[in-house]
Amino acid sequence: MTALMKYLCVVAFLVVLVIAGFNTANGAGECGRNSPDMEAMKLIPCAEAASDSNASVSRSCCQQMQKLGQNPKCLCAVMLSNTAKDSGAKPEVAITIPKRCNLANRPMGYKCGPYTLP
(Lines give C-alpha, C1' and ligand atoms only; values in the text may rest on other atoms or scores of the structure.)
Protein backbone atom coordinates (compact mmCIF):
# COMPACT_ATOMS: atom_id res chain seq x y z
CA MET A 1 0.00 0.00 0.00
CA THR A 2 2.84 2.42 0.79
CA ALA A 3 4.45 1.85 -2.61
CA LEU A 4 1.11 2.58 -4.30
CA MET A 5 0.75 5.87 -2.36
CA LYS A 6 4.27 6.95 -3.31
CA TYR A 7 3.56 6.14 -6.94
CA LEU A 8 0.31 8.15 -6.89
CA CYS A 9 2.04 11.09 -5.24
CA VAL A 10 4.80 11.08 -7.86
CA VAL A 11 2.24 10.89 -10.69
CA ALA A 12 0.17 13.71 -9.15
CA PHE A 13 3.31 15.85 -8.75
CA LEU A 14 4.27 15.30 -12.39
CA VAL A 15 0.77 16.20 -13.57
CA VAL A 16 0.93 19.46 -11.59
CA LEU A 17 4.34 20.27 -13.12
CA VAL A 18 3.09 19.60 -16.64
CA ILE A 19 0.01 21.78 -16.12
CA ALA A 20 2.11 24.59 -14.64
CA GLY A 21 4.52 24.36 -17.57
CA PHE A 22 1.72 24.67 -20.11
CA ASN A 23 0.23 27.66 -18.31
CA THR A 24 3.56 29.46 -18.22
CA ALA A 25 4.44 28.85 -21.86
CA ASN A 26 0.97 29.60 -23.17
CA GLY A 27 0.79 33.23 -24.24
CA ALA A 28 4.27 34.13 -23.06
CA GLY A 29 5.81 36.52 -25.53
CA GLU A 30 7.56 39.85 -25.79
CA CYS A 31 5.33 41.30 -23.08
CA GLY A 32 4.99 38.24 -20.88
CA ARG A 33 1.44 37.02 -20.52
CA ASN A 34 -0.08 40.16 -22.06
CA SER A 35 -0.14 40.64 -25.79
CA PRO A 36 1.49 43.75 -27.27
CA ASP A 37 -2.01 44.88 -28.28
CA MET A 38 -3.16 44.69 -24.65
CA GLU A 39 -0.07 46.59 -23.50
CA ALA A 40 -0.72 49.23 -26.17
CA MET A 41 -3.97 50.08 -24.42
CA LYS A 42 -1.89 51.35 -21.48
CA LEU A 43 -0.35 53.93 -23.80
CA ILE A 44 -3.59 55.77 -24.55
CA PRO A 45 -2.10 58.90 -22.91
CA CYS A 46 0.57 58.79 -25.63
CA ALA A 47 -1.83 58.75 -28.59
CA GLU A 48 -1.31 62.34 -29.70
CA ALA A 49 2.45 62.28 -29.07
CA ALA A 50 2.73 59.05 -31.07
CA SER A 51 1.11 60.57 -34.14
CA ASP A 52 2.54 64.10 -34.04
CA SER A 53 6.22 64.75 -33.33
CA ASN A 54 5.41 68.34 -32.38
CA ALA A 55 2.82 67.39 -29.74
CA SER A 56 3.84 67.64 -26.12
CA VAL A 57 4.24 64.37 -24.24
CA SER A 58 2.09 64.10 -21.12
CA ARG A 59 3.44 63.08 -17.73
CA SER A 60 1.18 60.00 -17.68
CA CYS A 61 2.53 58.97 -21.09
CA CYS A 62 6.11 59.28 -19.84
CA GLN A 63 5.28 57.23 -16.76
CA GLN A 64 3.91 54.42 -18.92
CA MET A 65 6.93 54.68 -21.24
CA GLN A 66 9.24 54.39 -18.24
CA LYS A 67 7.57 51.10 -17.30
CA LEU A 68 7.56 49.71 -20.84
CA GLY A 69 11.10 50.89 -21.52
CA GLN A 70 12.37 48.38 -18.97
CA ASN A 71 11.55 45.70 -21.53
CA PRO A 72 12.71 46.96 -24.96
CA LYS A 73 11.31 43.91 -26.78
CA CYS A 74 7.86 44.64 -25.39
CA LEU A 75 8.19 48.36 -26.08
CA CYS A 76 8.97 47.67 -29.74
CA ALA A 77 6.20 45.10 -30.06
CA VAL A 78 3.73 47.62 -28.61
CA MET A 79 4.86 50.43 -30.91
CA LEU A 80 4.54 48.15 -33.94
CA SER A 81 1.30 46.49 -32.79
CA ASN A 82 -1.96 46.56 -34.72
CA THR A 83 -3.59 48.49 -31.87
CA ALA A 84 -0.97 51.23 -32.14
CA LYS A 85 -1.33 51.39 -35.92
CA ASP A 86 -5.12 51.41 -35.72
CA SER A 87 -4.99 54.30 -33.23
CA GLY A 88 -3.10 56.42 -35.75
CA ALA A 89 0.31 56.10 -34.12
CA LYS A 90 3.22 56.47 -36.49
CA PRO A 91 6.07 54.14 -35.50
CA GLU A 92 8.70 56.63 -36.67
CA VAL A 93 7.18 59.20 -34.28
CA ALA A 94 6.31 56.80 -31.46
CA ILE A 95 9.92 55.63 -31.11
CA THR A 96 10.92 59.21 -30.25
CA ILE A 97 8.67 59.37 -27.18
CA PRO A 98 11.17 57.91 -24.66
CA LYS A 99 13.70 60.56 -25.75
CA ARG A 100 11.05 63.30 -25.69
CA CYS A 101 10.25 62.21 -22.12
CA ASN A 102 13.96 62.62 -21.26
CA LEU A 103 14.07 59.09 -19.86
CA ALA A 104 17.59 58.50 -18.62
CA ASN A 105 17.42 54.71 -18.85
CA ARG A 106 15.73 54.47 -22.23
CA PRO A 107 16.92 51.70 -24.55
CA MET A 108 18.93 53.96 -26.90
CA GLY A 109 20.10 52.31 -30.09
CA TYR A 110 17.73 49.37 -29.68
CA LYS A 111 16.62 48.08 -33.09
CA CYS A 112 12.84 48.16 -33.28
CA GLY A 113 11.84 46.57 -36.57
CA PRO A 114 13.08 48.95 -39.28
CA TYR A 115 13.52 51.73 -36.67
CA THR A 116 16.20 52.45 -34.08
CA LEU A 117 15.31 54.02 -30.74
CA PRO A 118 17.05 57.40 -30.38
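Because the structure is predicted, anything quoted here is derived from the model rather than measured.

Chemist: So what exactly am I meant to see when it comes to the overall build of the chain here?
Modeler: What the chain contains, in helices and strands, is eight helices and two strands. Going residue by residue from the N terminus, the α and β elements of the chain occur as α-α-α-α-α-α-α-α-β-β. Residues counted as buried form 29% of the 118 residues belonging to the chain. In the chain, of all internal contacts separated by at least 6 residues, the share reaching a separation of at least 24 is 57%.

Chemist: Got a minute to help me understand the nonpolar core in this structure?
Modeler: Nonpolar side chains tend toward joint burial in soluble globular proteins. Counting 24 residues, the largest nonpolar core has Met65, Val78, Met79 and Ile97 as the members making the most contacts within it. Those elements that place two or more of their residues in this core are helix H3 (47-51), helix H4 (59-68) and helix H5 (72-79). Per element, the largest residue contribution to this core is five residues, and it comes from H5. Discounting chain neighbours no more than four positions away, the residues touching Met79 are Met65, Ala84, Pro91, Ala94, Ile95, Pro98 and Leu117.

Chemist: Would you take a moment to explain the state of the cysteines for this structure?
Modeler: By definition, a disulfide links the sulfur atoms of two cysteine residues through a covalent bond. A complete count under the given rule lists four disulfides for this structure. Through a disulfide, Cys62 is tied to Cys101; the S-S separation comes to 2.1 Å. Here the disulfide of Cys62 and Cys101 is left-handed, its torsion about the S-S bond being about -90°. Of this pair, Cys62 sits in helix H4 while Cys101 sits in the loop between helix H8 (97-100) and strand S1 (111-112); the two residues are 39 residues apart in sequence, bridging distant segments of the chain. As far as burial versus exposure is concerned, Cys62 and Cys101 are alike and both buried.

Chemist: What is the right way to read H4 from this model?
Modeler: Because the α-helix completes a turn every 3.6 residues, residues three or four places apart line up on one side. Along H4, the residues that are buried comprise Cys61, Cys62, Met65 and Leu68. Seen end-on, H4 carries its buried residues on one side only, within an arc spanning 120°. Within H4, the exposed residues directed more than 90 degrees away from the buried face are Arg59 and Lys67. Buried residues along H4 sit against helix H2 (36-40), H5 and H8.

Chemist: Sorry if this is basic, but what is going on with the environment of Leu75 here?
Modeler: Assignment of secondary structure puts Leu75 in helix H5. The class of Leu75 is buried, set by a relative accessible area of 0%. Along the sequence, Leu75 and Glu30 sit 45 residues apart, while their C-alpha atoms lie 8.5 Å from each other. Filtering out sequence-adjacent residues up to four positions away, Leu75 remains in contact with Met65, Leu68, Gly69, Pro98, Pro107 and Leu117.

Chemist: Hey, could you run me through the environment of Pro91 in this one?
Modeler: Looking at the element boundaries, Pro91 is found in helix H7 (residues 91-94). On the accessibility criterion, Pro91 (14% relative accessible area) is buried. For the pair Pro91 and Ser51, spaced 40 residues apart in the sequence, the C-alpha separation amounts to 8.2 Å. When near neighbours in sequence (up to four residues on either side) are disregarded, Pro91 contacts Met79, Leu80 and Tyr115.

Rules of the game
- Residues numbered from 1 in each chain as written.
- Predicted model: local features only at pLDDT ≥ 70, side-chain atom pairs only at ≥ 80, totals over all residues.
- Heavy atoms only, no water.
- Helix = DSSP H or I, 4+ residues; strand = E, 2+ residues; numbered from the N terminus.
- Buried < 20%, exposed > 50% of the residue type's maximum accessible area, 1.4 Å probe, protein only.
- Contact = heavy atoms within 4.5 Å.
- Core = buried A, V, L, I, M, F, W, Y, C linked by side-chain atoms within 4.5 Å.
- Disulfide = S-S within 2.5 Å.
- Arc of directions from axis to C-beta.

Keep in mind these numbers describe shape, not what the thing actually does.
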